[in-house]
Amino acid sequence: VSFLIPECGILPEVLKSTIADVGEYYLVRNLLVHELIAHEFIDAFVKKGSCYALSYNTKIDQDNTAALLPNGKLILSVDKDTFEELGLQGRPSQYSGKKAMRYIITIDLTDSGFHPESKKHNRVLWALKEKKPLEFDFLMAWHNTGAEGSTLMSYFSKNQIQALKPKITFSTLRDLQCPVLESNELQGKPEESCSTEELFEWLGAVLNQVSLDNKSSSFLSTYCCPQPNVIVEKAFLCTITGFIIPEKIIQLLEQLCCYFGEPKLAYWLTLTVHGFADSPVSWRESEHGFHKGGENLYNFVIFRNLDYWLQMAVGTNDDCPP
């Protein structure tokens, strides 16, 4: 997650506290997938909040991968051999080509027919525990809706579990060239404002600290800020890296909108959120692939009058966002 505020003065304390409280997450080592379909886990976490899990250090184009979504669906993206060994219902990956080499298995942990004594539960448990045990390191997070009970740390105490905090970096950008934007001009106007596409490209350069000088001697980039633009004396850039859940991003977005509640110099600001390149899903339950890159991101441009632009981008092996 990154946000950029041009012409930034002093950050409000409530925004600072929101940044500091983006929440910890957990790395659980050597976790067998069948433990995620145990009804103790489902009752404690899936049914009492939003539980997120993603296999860690697995490559979507060559490894088996897994993700638990907050709606209670467990998604497995597996190779052909694993799919045949498991014997569970699934579908060929839409990016496999004519000869399917990868399959997607979806298990709904909240299905009323998926209770402890059901044939469906016993069949899935047998496949994942006896037939083909799948084991991953998982990144996990849980958003509790207020119910008291267990924690991920205590529940997985018998496993090797580590609590992690997102890495937060702050930068002050001096004399930054910024495009001129008008909230009601998506395509931009010659000599008046820049388009959404120009802003998106410029923002990518700024977030990656690419020079905007357009020097002919540069071997890296001859990119320059689109016209028209202005020189901003001071811009504030914050980047938060980690397994950040949507509930925390919503809180951050709300506080950024409140930034305009008092007179500020900034006319607009941006919030960019990158998904994991090797996640088996991108938007909702849409299948995600890698191909040449696992791009998977969205960007808010929020204006002083609280108009906003929402830009979404995905790689070649992806459905278009909703």
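What you are looking at is a predicted structure, and each value in this text was computed from that prediction instead of being measured.

Procedures and definitions
All residue numbers here refer to positions counted from 1 along the written sequence of the relevant chain. Note on the predicted model: pLDDT of at least 70 is required for a residue's local features to be given, and 80 or more for side-chain atom pairs to be given and counted; whole-chain, interface and lining totals, by contrast, use all residues. Heavy atoms throughout the structure, all of them, feed into the side-chain values; hydrogens and water do not. Remark: exposure states derive from per-residue accessible area (1.4 Å probe, protein chains only) relative to the maximum for the residue type, with buried under 20%, exposed over 50%, and partly exposed in between. Put simply, DSSP marks the helices as runs of H or I at least four residues long and the strands as runs of E at least two long, and each gets a number from the N terminus on. Criterion used throughout: strands pair if DSSP finds at least two bridges between them. Multiplying one less than the number of residues by 1.5 Å gives the expected span of a helix. A contact between two residues is defined here by any heavy atoms of the two lying within 4.5 Å. Each pair of aromatic rings taken from Phe, Tyr and Trp, with Trp reduced to its six-membered ring, is defined by centres within 6.5 Å and is described as stacked if the planes are under 30 degrees apart, edge-to-face if over 60, and tilted in the remaining cases. Ring-over charges, as used throughout, are those where CZ of Arg or NZ of Lys falls within 6 Å of the ring centre and within 35 degrees of the ring normal.

A.B. asks: Describe the pairing of strand β7 (residues 102-108), and please don't skip the residues or the numbers.
C.D. replies: Of all the seven residues making up β7, five are buried; the element is thus mostly covered by neighbouring parts of the structure. Relative to β7, strand β5 (residues 73-79) runs antiparallel, the two sharing seven bridges. Each residue of the ladder has a partner; that of V78, found in β7, is Y103. Where strand β6 (residues 91-92) and β7 come together, two bridges link them in antiparallel fashion. Bridge pairing links P92 to Y103 in β7.

A.B. asks: Outline helix α7 (residues 246-258), listing residues and values.
C.D. replies: Given a rise of 1.5 Å per residue, 13 residues ought to cover 18 Å, and the 18 Å separating the end C-alpha atoms of α7 matches this to within 8%. Within the sequence span of α7, burial applies to E247, K248, I249, L252, L253, Q255 and L256.

A.B. asks: Break down helix α6 (residues 196-207) for me, with residues and values.
C.D. replies: Spacing of three or four residues puts side chains on the same side of an α-helix, whose turn is 3.6 residues. Between its first and last C-alpha, α6 extends 16 Å over 12 residues, near the 16 Å set by a 1.5 Å rise per residue. Regarding α6, the residues found buried are T196, L199, W202, L203, A205 and V206. Looking at the packing, one finds that the buried side of α6 touches β1 (2-6), β10 (167-179), β12 (268-274), β13 (296-303) and β14 (308-314). Looking one or two places after α6, you find Q209, whose phi comes out positive at around 55 degrees.

A.B. asks: Explain the packing of aromatic side chains residue by residue, including any values.
C.D. replies: Here the structure, examined in full by the defined rule, presents 19 aromatic pairs. Measuring from centroid to centroid gives 5.1 Å for F303 and W309, while their planes differ by 65 degrees, and the two rings are edge-to-face. Since its relative accessible area comes to 4%, W309 is described here as buried. Members of the aromatic cluster, joined through ring pairs, are F41, F45, W142, Y155 and F156. Directly above the aromatic system of Y155 lies the positively charged group of K158, at a separation of 5.7 Å from the ring centroid.

A.B. asks: Tell me about the environment of V33, and name the residues and values.
C.D. replies: Within the secondary structure layout, V33 lies in the loop between β2 (25-32) and α2 (39-46). When its relative accessible area of 0% is taken as the criterion, V33 is described as buried. Non-local contacts of V33, meaning those with residues more than four positions away in its chain, are made with L74, L76, L128, L134, F136 and F138.

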